[in-house]
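Chain by chain, the residues:
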There are 2 protein chains.
Amino acid sequence: MDEQGTCVTTSCMSPIIPMVEVKRFIFDCMKAVNTPEEYAHQMADMLSEADYRGHFSHGMNRLEMYINQIQDGVCDNTAFPEVLKDFGATAWVDGKNALGVVVGNFCNKLAIEKAKQFGIGCVSVKGSNHYGICGKYASDAMKEGFIQFNCTNTSPLSVPTRAKTSFFGTNPFALGAPANNDQFLLDMATTTVAVGKIEVAVRKGAKIPETWALNDDGIPETDAQKAYDAAKLSPLGGPEHMGGYKGSGLLFMVELLSGILSGSKSGPHIERWGKLTEPANLGHCFIVINPECFAPGFQGRLEDILNELRSCPPVDPEKPVMAAGDPERKHMKAVDEAGGVRYVKNQIETCWKLSQRLKVNPLRPLSFDEN
Amino acid sequence: MDEQGTCVTTSCMSPIIPMVEVKRFIFDCMKAVNTPEEYAHQMADMLSEADYRGHFSHGMNRLEMYINQIQDGVCDNTAFPEVLKDFGATAWVDGKNALGVVVGNFCNKLAIEKAKQFGIGCVSVKGSNHYGICGKYASDAMKEGFIQFNCTNTSPLSVPTRAKTSFFGTNPFALGAPANNDQFLLDMATTTVAVGKIEVAVRKGAKIPETWALNDDGIPETDAQKAYDAAKLSPLGGPEHMGGYKGSGLLFMVELLSGILSGSKSGPHIERWGKLTEPANLGHCFIVINPECFAPGFQGRLEDILNELRSCPPVDPEKPVMAAGDPERKHMKAVDEAGGVRYVKNQIETCWKLSQRLKVNPLRPLSFDEN
């Protein structure tokens, strides 16, 4: 398994599934639980985009959880967000417990409109649900020529510097900017790693670095299984003397912009996503900037520095220097060339069961048509 | 020596210098090189604030360098920034090679005005010089009730993930927000540590963690002296497998918002500060947000979560959990109680020589009055 949880040997992999089929399946499943068509399309676009980029944890892998939440009544898949305050270049939004992706797209579009009108826009939202990968919102704004920042709080899984107990989530953010024929797209959790990476180390029986996770007593844990069981992630940097207090600060920064600004749930008060008993009430923040309001030629300068960065002499000639977003673009290129994505067999089984449960056509690999 | 380079034994420390005397001395030195009074006051406020907060590397320690640059004609201490573009909630500014602090204060005030008018403001500036500590600008905006973000590029000193050579500076940023009787103030370089910390390890003869710095070949270096000689800092996180690629992304993010957006010099094209042969032409970015445009009661919620964070059970009861900005507030309290700051004797000697060279009254310790 590689870091995204995909299989690197063909034995545990599915045949190739075309991206249109990935979208079709997600759309049909969402429709089957009475999601309005427009929202079902948005879900299909978001989850397929995650898989397309190689962030498999956030794509098809999450479909069943979204479906369960809708069927359990903790997320309202027919709701639509509402603007509570609109002032100048800002807006405060209530997500109304709608699908996180619907809330996210609404807020992002609003922030883009504000940026068109005022050069910058900032939208803060409460009452939302998991909104997919941050990078998708940045990517959408970048297509219109904007710089985009967005972030979200998530349920407690990380331990602040010096503490023993989880307090913040993995609190991810993205910052993206378009360049001529190029782009910069940073999409990162503010913990050192996501839980998925520890899971991969468990399967390999490998030790993990001391900057990844802690044991129950809040001490760095290098045994992957023990770290996985404790589920206490380190802030980016790891222990205090290795700069982890900066990662702690980043975790708080995201919480401040997501939860505290919007008035959603925050920090330790957020329920575990897989076990919600009431609406998640997550908060997000969307900031969009029009680079044309500043020095002319932004996209050319960004293209130049990206190329300069990639031209830095590498320590290992086999591992060239990359910019944020390059690994994802490499993955997307590979998917395009292959004609689709491959999933681990577990995922295919989950999809099969879901198709039976929701009475939708099963996920259909490319090879069914080809052979 | 502690991490800020101050002495922890009294033998190598100066007597206490009251903060008003610190400001007086900086003001007089700046005046002596024909700095307009208003700008000399701004420099005195910035540099004394750095020492007050315990960031001694950025305070009195830098006065001589500012003076030298003025006398060498590479920084124009009589110049004033000029707005090149003004659109909605944004402005693009040319710093005109004025004192970085004068440029920074001008841009921060402009961003605050924009936030008052539009809920958020964003000012990007090129043609600037070193502008002091990021935290001061955040602090000034917080006093008026705003959330503030600012960042700057600096001369190359850090090595991107996988590379052998320096490309970015330490690229610091601050994000601050006011709370009821409290505050959050994250002010951090996006490298794991600043050079000063390695210098301290050299003096102690201590090993440094592998996440701090690299040798000439771009390999993590744990020998403090070798790391100090190579002067190649690691992005926050350290090596790639420990999350350093995220720190690399943060370094780039700051460069993008500072240099690329403003059209200033950027990345490897920035000259070393101590050895400028032409104007530094640094770039900064200032974003100010009015939290009142979003969910009412922001400052109360922030106060609550700060207190919750500090109440987390600590691993070591002697080391309570802190929020970003707490160490600085502790330092300021100690300075207030002592009636001023103590400097290392080296610093006092430098100030003495400066007073002779510029023909200003020497720095006068509290004890001269007291005894």
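For chain A, the name recorded in an unreviewed UniProt entry is Malate dehydrogenase, with Henosepilachna vigintioctopunctata as its organism. In the Sequence similarities (unreviewed entry) part of its UniProt record, chain A is described as follows: "Belongs to the LDH2/MDH2 oxidoreductase family."

**Some words on the sheet that holds strand E6 (residues 182-188) of chain B**
Residues and elements named next belong to chain B. A sheet is described by the order of its strands in space; here seven strands give the open sequence E1-E2-E3-E9-E4-E5-E6, paired in mixed fashion. The open sheet terminates on both sides in strands that have one partner only, identified here as strand E1 (82-87) and E6. Geometrically, the sheet is characterised by an average inter-axis angle of 10 degrees between neighbouring strands, direction not taken into account. Bridge analysis of strand E4 (residues 147-152) against strand E5 (residues 173-179) gives four bridges, and the strand direction is antiparallel. Within E5, the position partnered with Asn150 by the bridge is Ala174. Each of E4, E5, E6 and strand E9 (282-289) touches helix H5 (residues 134-142); the most contacted strand, E5, lies at about 25 degrees to it.

**Digging into the pattern of salt bridges**
Where charged atoms from two side chains of opposite charge come close, those side chains can pair. All names here are of chain A. Within this structure, the stated rule accounts for 42 salt bridges over all chains. The partner of Arg329 in a salt bridge is Asp182, and the shortest N-O contact between them spans 2.5 Å. Here the residue Arg329 occupies a position in helix H10 (residues 326-338), and Asp182 occupies one in strand E6 (residues 182-188), the gap between them amounting to 147 residues. With a relative accessible area of 28%, Arg329 lands in the partly exposed category.

**Concerning the side chain of B:Asn108**
Residue and element names in this part refer to chain B. Take Asn108: it is sitting in helix H4 (residues 100-118). Under the relative-accessibility criterion, Asn108 is labelled buried at 3%. Ignoring sequence-local partners within four residues, the contact set of Asn108 consists of Tyr137, Asp140, Ala141, Gln148, Phe286 and Val288.

**Some points on H4(B)**
Residues and elements named next belong to chain B. In a regular helix each residue adds 1.5 Å, so 19 residues correspond to 27 Å; H4 covers 26 Å between its end C-alpha atoms and thus fits that length. Across the 19 residues that make up H4, a large majority, 14, are buried. Following H4 by one or two positions, Gly119 adopts a phi angle in the positive range, close to 90 degrees.

**Concerning the side chain of A:Ser14**
Structurally, A:Ser14 is set in the segment before helix H1 (19-32). If sequence neighbours within four positions are ignored, A:Ser14 has contacts with A:Arg342, A:Tyr343 and A:Ile348.

**Quick word on the packing of helix H2 (residues 37-53) of chain B against helix H10 (residues 326-338) of chain B**
Residue and element names in this part refer to chain B. Closest axis-to-axis distance for the H2/H10 pair is 7 Å, and the angle between their directions is 100 degrees. One way to sum up the angle between H2 and H10 is to call them roughly perpendicular. Contacts between H2 and H10 involve Asp51, Tyr52 and Arg53 from the first element and Glu328, His331, Met332, Val335 and Asp336 from the second. Among the residues making up the contact of H2 with H10, the classes are represented as three nonpolar, one polar and four charged.

**Quick notes on the nonpolar core**
By size, the foremost hydrophobic cluster in this structure holds 90 residues, and its most contacted members are A:Leu256, A:Leu302, B:Leu256 and B:Leu302. Those residues within four positions of A:Leu302 in sequence are excluded, and the remaining contacts are A:Ala177, A:Pro178, A:Ala179, A:Phe184, B:Phe252, B:Leu256 and B:Ile260.

**Concerning the sheet that holds strand E1 (residues 82-87) of chain A**
All names here are of chain A. Strand order in this open sheet of seven strands is E1-E2-E3-E9-E4-E5-E6, and the pairing throughout is mixed. A single partner strand is all that each edge strand has here, and the edge strands are E1 and E6. Each strand of the sheet is rotated relative to its neighbour by a mean of 10 degrees, with strand direction disregarded. Examined bridge by bridge, strand E3 (residues 120-128) and strand E9 (residues 282-289) share seven bridges and lie antiparallel to one another. Its bridge partner lying in E9, Gly121 is registered against Val288. Helix H5 (residues 134-142) contacts strand E4 (147-152), strand E5 (173-179), E6 and E9 of the sheet and is inclined by roughly 25 degrees relative to E5.

**Focus: the interface of chain B and chain A**
With 86 residues of chain B in contact, the opposing surface of chain A contributes 86 residues. Taken as a group, B:Arg162, B:Lys246 and B:Phe294 account for 11% of the area that chain B buries against chain A, more than any other trio of residues on that side. Along the contact surface separating chain B from chain A lie zero salt bridges. For the pair chain B and chain A, the interface holds 28 residue pairs in polar contact (both at pLDDT 80 or more). Ranked by the residues each element gives to the side of chain B that touches chain A, the list is headed by helix H8 (residues 244-262) of chain B, at 13 residues.

**A look at unusual backbone geometry**
Even without being glycine, A:Asn171 reaches a positive phi, approximately 30 degrees. With respect to the element layout, A:Asn171 can be found in the loop between E4 and E5. Take A:Asn171: its relative accessible area is 0%, and that puts it in the buried class. The phi dihedral of B:Asn97 falls on the positive side, at around 60 degrees, and the residue is not glycine. Along the polypeptide, B:Asn97 turns up in the loop between strand E2 (90-94) and H4.

What counts, and where the lines are drawn
Residue numbers run consecutively from 1 along every chain, following the written order of its sequence. Written order determines the labels here, with chains lettered from A and ligands numbered from 1. A pLDDT threshold of at least 70 governs which residues receive local features in this predicted model, and a stricter bar of 80 or more applies before side-chain atom pairs are shown or counted, although totals over entire chains, interfaces and linings include all residues. To get the side-chain values, take all heavy atoms of the structure and skip hydrogens and water. UniProt positions are given in the numbering used here, feature names are shortened, and annotations may be inferred rather than shown by experiment. Only when DSSP finds a minimum of two bridges between them are two strands counted as paired. The way it works is that DSSP assigns letters per residue, a run of H or I at least four long becomes a helix, a run of E at least two long becomes a strand, and they are numbered from the N terminus. Lines fitted to the C-alpha atoms define the axes, with helices restricted to the stretch that makes contact. Angles between their N-to-C directions range from 0 to 180 degrees. Whether two residues touch is decided by their heavy atoms; if any such pair falls within 4.5 Å, the residues are in contact. Salt bridge, as applied in this entry: a Lys or Arg side-chain nitrogen positioned within 4 Å of an Asp or Glu carboxyl oxygen. Under the scheme applied here, a residue whose accessible area is under 20% of the maximum for its type counts as buried, over 50% as exposed, and between as partly exposed, the area being computed with a 1.4 Å probe on protein chains only. A helix is expected to span 1.5 Å multiplied by its residue count minus one. Roughly parallel means an angle under 35 degrees; roughly antiparallel, over 145; roughly perpendicular, 65 to 115; everything else is oblique. Under the scheme applied, nonpolar residues are Ala, Val, Leu, Ile, Met, Phe, Trp, Tyr, Cys and Pro; charged residues are Asp, Glu, Lys and Arg; polar residues are all the others, including Gly. Side-chain atoms within 4.5 Å link the members of a nonpolar core, which is a set of buried Ala, Val, Leu, Ile, Met, Phe, Trp, Tyr and Cys residues. Buried area, as used here, totals the accessible surface that two parts lose on assembly, with accessibility defined by a 1.4 Å probe and the loss added over both. N or O atoms closer than or at 3.5 Å make up a polar contact, with two conditions inside protein: a donor-capable atom paired with an acceptor-capable one, and, for residues adjacent in sequence, both atoms drawn from side chains.

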